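In case you want the letters, here they are:
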Protein chains: 2
Amino acid sequence: MMQVIHAPAEMYNQTMLLKMSGKKVGFVPTMGYLHKGHLELLKFAREHCDSLVLSIFVNPTQFGPKEDYGSYPRDLERDKELAAHARVDTIFLPDVDSMYPPGYRTFVEVEELSKGLCGAFRPGHFRGVATIVCKLLNIVAPDEAFFGEKDAQQLVIIRKMAQDLNMPVKISGFPTVRDADGLAMSSRNVYLSDEEREQATGLYRALQNGRSLIEGGETEAARIDAAIREAIARDVPAGVVEYVDIVDGNTLAPVSRTIGKTLIALAVRVGKARLIDNIRVGG
Amino acid sequence: MMQVIHAPAEMYNQTMLLKMSGKKVGFVPTMGYLHKGHLELLKFAREHCDSLVLSIFVNPTQFGPKEDYGSYPRDLERDKELAAHARVDTIFLPDVDSMYPPGYRTFVEVEELSKGLCGAFRPGHFRGVATIVCKLLNIVAPDEAFFGEKDAQQLVIIRKMAQDLNMPVKISGFPTVRDADGLAMSSRNVYLSDEEREQATGLYRALQNGRSLIEGGETEAARIDAAIREAIARDVPAGVVEYVDIVDGNTLAPVSRTIGKTLIALAVRVGKARLIDNIRVGG
């Protein structure tokens, strides 16, 4: 029987009891409006723990003042059904006031890694992400926490935070889940019109094109970058590119030549949706 | 038999084993060069736990570039003897490279509370303090951690951090320990010449004077402030006042009238030593 916990203290106490009895606690933090990507992630997590916690919390501190915090899609009843079906044991569902009570003051910052890519276009975003994940990991106290690789920069930052702050948790990534046509699953895909949805499939093809170039021997980042932008301009005419970046897979620092483990990442606005995607090459 | 642990992972594993067997773990983090203030704090902590951990780590990230990180007094052999005498079970003694390995990037910031008092004169100091205490609390994973009230702003910030980040630990303060002549115990008192040491006793008398004024009915912060500064100018002629501040005991915001719980805090440079002290009134 799946239970729903609202109070942080109750959530923590439940984990302590489970750990005392030798159970391994797994954790998937989300902002809800679950899609197939979340469900695959939950399925993977389910196989790697004894008790599975899903959190649903649309975190205000990771949204900029002009971003979609207010309109971010929410459907709690549907999420509960999907979670039960995915054999989630506990949904942790805190309210904003219990996570950020009046007088809240503390933030976690992962320097350098938060500066480029999405960080350059969403000031304060990763400070909000690191802070809420730090809080959730302290409250849920899981043995292992699972994150999607679609949010590549987020995953690198969370791994770094957990390591730097000596948090006693294993952080695991899970490959991006895509629709049959290649579009990365995202709660924000709901913002797309049919025509935009169709064009948006060009983003992953552009990334695959970039990877093919590298695998075919191209090492000049500038040329790979240009080829990806050209493909987007051709196949996603409704798209406005925020960035296409070719960076070191670990440090997220831009590279001029793709020698080692490389991450190609992009953010493109298509209609009302800001879509991100990425692909890893080599290493 | 007191043991010394250097490796963070070993420290964490030890606490987990103790907690599994139902023991309560107490923790006193220090920068070493133990004095009577530390020893009284350890004695208090000893009475409130089953297994007592003392950490000794001179934390580089809380020192400014022109401060005394390099010359901060150290005497590990003496510390070990004093710790054994205080019935410490474990000394956690990490090295700088294990706490801040190359590529370290993550910092904890407690906003507002870190701005005034010492924060105004030591930029980045409380960011370093919050970060190392967050790390140490994750590594030692105590049930309760004990801090001296001499570092009043530090204690307020650490309490706030632990609460805001949902850290599963009780933070306890312990009254400032003073020499017979009133001077607050501090590792930095070793920097004082005999003459300076003698004058420095005037700081606590000035604070007591301020408290007497409030208890006698004075509520104008400006008048209390002036009286304290006058007393310091008279009794501590070698002193250079950094600040004398009259602030709200919880928010550390300056007050113009001393109505509720009030903190009077000061920092005064005497010779090579930067001395801090404080007194609480009302509430």
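Every value quoted in this text rests on a predicted model; they were computed, and no experiment measured them.

This part covers the overall build of chain A. Helix and strand counts for chain A stand at nine helices and ten strands. Radius of gyration (C-alpha) of chain A: 19 Å, near the 19 Å computed for a compact globule of 283 residues. Expressed as lengths along the three principal axes of its C-alpha atoms, the size of chain A is roughly 55 × 40 × 40 Å. Relative to its 283 residues, chain A shows a buried fraction of 43%. A sequence separation of at least 24 residues applies to 70% of the contacts in chain A between residues at least 6 apart.

Here we come to the sheet that holds strand E8 (residues 239–248) of chain B. Residue and element names in this part refer to chain B. Spatially, three strands are ordered E8-E9-E10 in an open sheet, and the strand pairing comes out antiparallel. Edge positions in the open sheet fall to E8 and strand E10 (273–281), since each of these has one partner strand only. Shown here is a sheet whose adjacent strand axes are inclined to one another by a mean of 15°, direction ignored. Sheet topology places strand E9 (residues 262–270) next to E10; nine bridges connect them, and they run antiparallel. Residue pairing across strands places valine 270 opposite alanine 273, the latter belonging to E10. Contacts from helix H8 (residues 194–215) reach E8, E9 and E10 within the one sheet, and its direction differs from that of E10 by about 20°.

This brings us to the nonpolar core. Counting 156 residues, the largest nonpolar core has Leu203 of chain A together with Leu203 of chain B as the members making the most contacts within it. Residue contacts for leucine 203 of chain A: discarding those within four places in its chain leaves Ile232, Val236, Leu266, Val268, Leu275 and Asp277 of chain A.

Right, let's get into the relation of the copies chain B and chain A. At an RMSD of 0.0 Å, chain B and chain A line up after a rotation of 180° and a shift of 0.0 Å along the axis. Between the two chains, the operation in question is that of a two-fold axis. Taking C-alpha positions as reference, the residue of chain B nearest the rotation axis is valine 108 of chain B, located at 2.3 Å. Interface overlap between copies is the fraction of interface residues in one copy that are interface residues in the other; for chain B against chain A it reaches 100%, indicating a shared surface.

It is worth spelling out the sheet that holds strand E7 (residues 170–174) of chain A at this point. Residue and element names in this part refer to chain A. Spatial strand order, E1-E4-E3-E2-E6-E7: six strands in an open sheet with parallel pairing. A strand with exactly one partner marks an edge of an open sheet, and here the two such strands are strand E1 (3–5) and E7. Ignoring which end each strand starts from, the neighbouring axes of this sheet average 25° apart. For strand E2 (residues 25–30) and strand E3 (residues 51–56), the ladder comprises six bridges, and the chain directions are parallel. Paired with glycine 26 across the bridge in E3 is leucine 52.

What follows concerns unusual backbone geometry. Residue and element names in this part refer to chain A. Even without being a glycine, tyrosine 33 presents a positive backbone phi close to 50°. Within the secondary structure layout, tyrosine 33 lies in the loop between E2 and helix H2 (36–46). The phi dihedral of asparagine 166 is positive, around 55°, even though this residue is not glycine. Relative to the helices and strands, asparagine 166 is located in the loop between helix H7 (152–164) and E7. Residue class for asparagine 166 comes out buried when judged on the 22 C-beta atoms lying within 10 Å of it.

On to helix H9 (residues 221–235) of chain B. Residue and element names in this part refer to chain B. An ideal rise of 1.5 Å per residue puts 21 Å on 15 residues; H9 measures up with 21 Å between its terminal C-alpha atoms. Within the span of H9, buried status applies to Ala221, Ile224, Ile228 and Ile232. Taken around the axis of H9, the buried residues stretch over an arc of 70°, which confines them to a single face. Across H9 from its buried face, at more than 90 degrees, point the exposed residues Ala222, Glu230 and Arg234. At its buried positions, H9 is contacted by H8, E8 and E9.

As a further point, take the interface of chain B and chain A. Counting residues at the interface gives 23 residues for chain B, matched by 23 residues for chain A. Ranked by the residues each element gives to the side of chain B that touches chain A, the list is headed by strand E5 (residues 106–110) of chain B, at five residues. Bridging between strand E5 (residues 106–110) of chain A and E5 of chain B involves five bridges; their strand directions are antiparallel. Bridge assignment links phenylalanine 107 of chain A to a residue of E5 of chain B, and that residue is glutamate 109 of chain B.

It is worth spelling out the environment of leucine 203 of chain B at this point. All names here are of chain B. The residue leucine 203 is located in helix H8 in this model. By C-beta crowding, leucine 203 is classed as buried, having 27 other C-beta atoms within 10 Å. The spacing of leucine 203 and methionine 1 is 202 residues in sequence and 41 Å in space, taken between C-alpha atoms.

Our focus in this paragraph is the pairing of E5 of chain B. Counting buried positions over the five residues of E5 of chain B gives five, a clear majority of the element. The alternating pattern of E5 of chain B places Thr106, Val108 and Val110 of chain B on one face and Phe107 and Glu109 of chain B on the opposite face, and all of these are buried.

A word on the environment of asparagine 138 of chain B. Examined against the element boundaries, asparagine 138 of chain B turns out to sit in helix H6 (residues 125–140). For asparagine 138 of chain B and arginine 159 of chain B, which are 21 residues apart along the polypeptide, the C-alpha to C-alpha distance reads 15 Å. If near-sequence neighbours (up to four positions away) are discounted, asparagine 138 of chain B is found in contact with Leu165, Asn166, Met167 and Pro168 of chain A.

Right, let's get into helix H3 (residues 76–85) of chain B. Residue and element names in this part refer to chain B. Within H3, the full set of buried residues consists of Asp79, Leu82 and Ala83. Summarising the axial view, the buried residues of H3 lie within an arc of 100°, below the 170-degree limit, and thus occupy one face. For H3, the exposed residues lying more than 90 degrees away from the buried face are Glu77, Arg78, Ala84 and His85. Looking at the packing, one finds that the buried side of H3 touches helix H2 (36–46), strand E3 (51–56) and strand E4 (90–92). Where H3 ends, the next residue or the one after it, arginine 87, has phi of about 60°, a positive value.

With that settled, the discussion passes to the domain arrangement of chain A. Residues and elements named next belong to chain A. What the domain assignment reports for chain A is domain 1 (3–174) and domain 2 (187–278). Here the C-alpha centre of domain 2 lies 26 Å away from the C-alpha centre of domain 1. Taken together, the contact between domain 1 and domain 2 spans 13 residues of the former and 14 residues of the latter. Contributions of two or more residues to the side of domain 1 that touches domain 2 are made by helix H5 (118–121) and H7. Here the side of domain 1 that touches domain 2 is built from residues that sort into nine nonpolar, three polar and one charged.

Thresholds applied
Residues numbered from 1 in each chain as written. Chains lettered and ligands numbered in written order. Predicted model: local features only at pLDDT ≥ 70, side-chain atom pairs only at ≥ 80, totals over all residues. Helix = DSSP H or I, 4+ residues; strand = E, 2+ residues; numbered from the N terminus. Rg over C-alpha atoms; globule rule 2.2 N^0.38 Å. Buried ≥ 20, exposed ≤ 12 C-beta atoms within 10 Å, placed from the backbone. Contact = placed C-beta atoms within 7 Å. Pairing = 2+ DSSP bridges. Axes fitted to C-alpha atoms, helices over the stretch in contact; angles between N-to-C directions. Core = buried A, V, L, I, M, F, W, Y, C linked by C-beta atoms within 7 Å. Least-squares fit on C-alpha atoms with pLDDT ≥ 70 in both. Expected span 1.5 Å × (residues − 1). Arc of directions from axis to C-beta. Domains from an automatic or database assignment. Nonpolar A, V, L, I, M, F, W, Y, C, P; charged D, E, K, R; others polar.

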